[in-house]
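As a plain string of letters, each chain reads:
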Amino acid sequence: MGGPNLEVFKFAVYVFFPVVMLVHYGNPDWYAKNVLPYKERIFPPEHRINTNIPSDSTTLKEELAKIRARNLERKAQREAEAAAAASQQK
């Protein structure tokens, strides 16, 4: 078909393509510039990650009560902002 020169070229591509990709994408500067900004947008910040998972029912109920209270507080705040915006439009 193509001869030995084609085979040498194909071998070079098969060997050096992964090496070039590792060198390019493994560069820490490239990683910091292109990957870390998306990581910060996709994953939650470290202070929002809860590593203390409740193990018994009482602490679980307490955590659920805290979450519900926080959600109700946010809902009341959104409703107050919506009411204030509606009163400003009139």
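Novice: Lay out the pattern of salt bridges with the relevant residues and their values.
Specialist: Taken as a whole, this structure holds 2 salt bridges when the rule is applied. The salt bridge involving Lys10 is made with Glu7; its shortest N-O contact spans 3.6 Å. Taken together, the positions of Lys10 and Glu7, both in helix α1 (residues 4–25) and 3 residues apart, correspond to about one turn of that helix. Given the relative accessible area of 31%, Lys10 is considered partly exposed. The partly exposed category is assigned to Glu7, whose relative accessible area is 45%. With its nearest N and O atoms 3.6 Å apart, the salt bridge here joins Glu63 to Lys66. You can see Glu63 and its partner Lys66 sitting in helix α4 (residues 57–89), 3 residues apart, about one turn around the helix. By relative accessible area, Glu63 is classed as partly exposed at 29%.

Novice: So what's going on with a nonpolar patch on the surface? Which residues, and what values?
Specialist: Taken together, Leu6, Phe9, Phe11, Val13, Tyr14, Val15, Phe16, Phe17, Val19, Val20 and Val23 make up a surface patch of nonpolar side chains, about 1,100 Å² in accessible area. The residue Val15 is located in helix α1 in this model.

Novice: Kindly report on the packing of aromatic side chains, identifying the contributing residues and their values.
Specialist: With the rule as written, the count across this model stands at 1 aromatic pair. Relative to Trp30, the ring of Tyr25 has its centre 4.7 Å away and its plane inclined at 75°; by these criteria the two rings are edge-to-face. By relative accessible area, which is 45% here, Tyr25 ends up partly exposed. On the basis of relative accessibility, which here comes to 23%, the residue Trp30 falls in the partly exposed class.

Calculation rules
Residues numbered from 1 in each chain as written. Predicted model: local features only at pLDDT ≥ 70, side-chain atom pairs only at ≥ 80, totals over all residues. Heavy atoms only, no water. Salt bridge = Lys/Arg side-chain N within 4 Å of Asp/Glu carboxyl O. Helix = DSSP H or I, 4+ residues; strand = E, 2+ residues; numbered from the N terminus. Buried < 20%, exposed > 50% of the residue type's maximum accessible area, 1.4 Å probe, protein only. Patch = residues over 30% accessible without salt bridge, like charges linked within 9 Å, V, L, I, M, F, W, Y side chains within 5 Å. Areas by Shrake-Rupley, 256 points an atom, 1.4 Å probe, with all protein chains shown as cover. Phe/Tyr/Trp six-rings, centres within 6.5 Å; stacked < 30°, edge-to-face > 60°.

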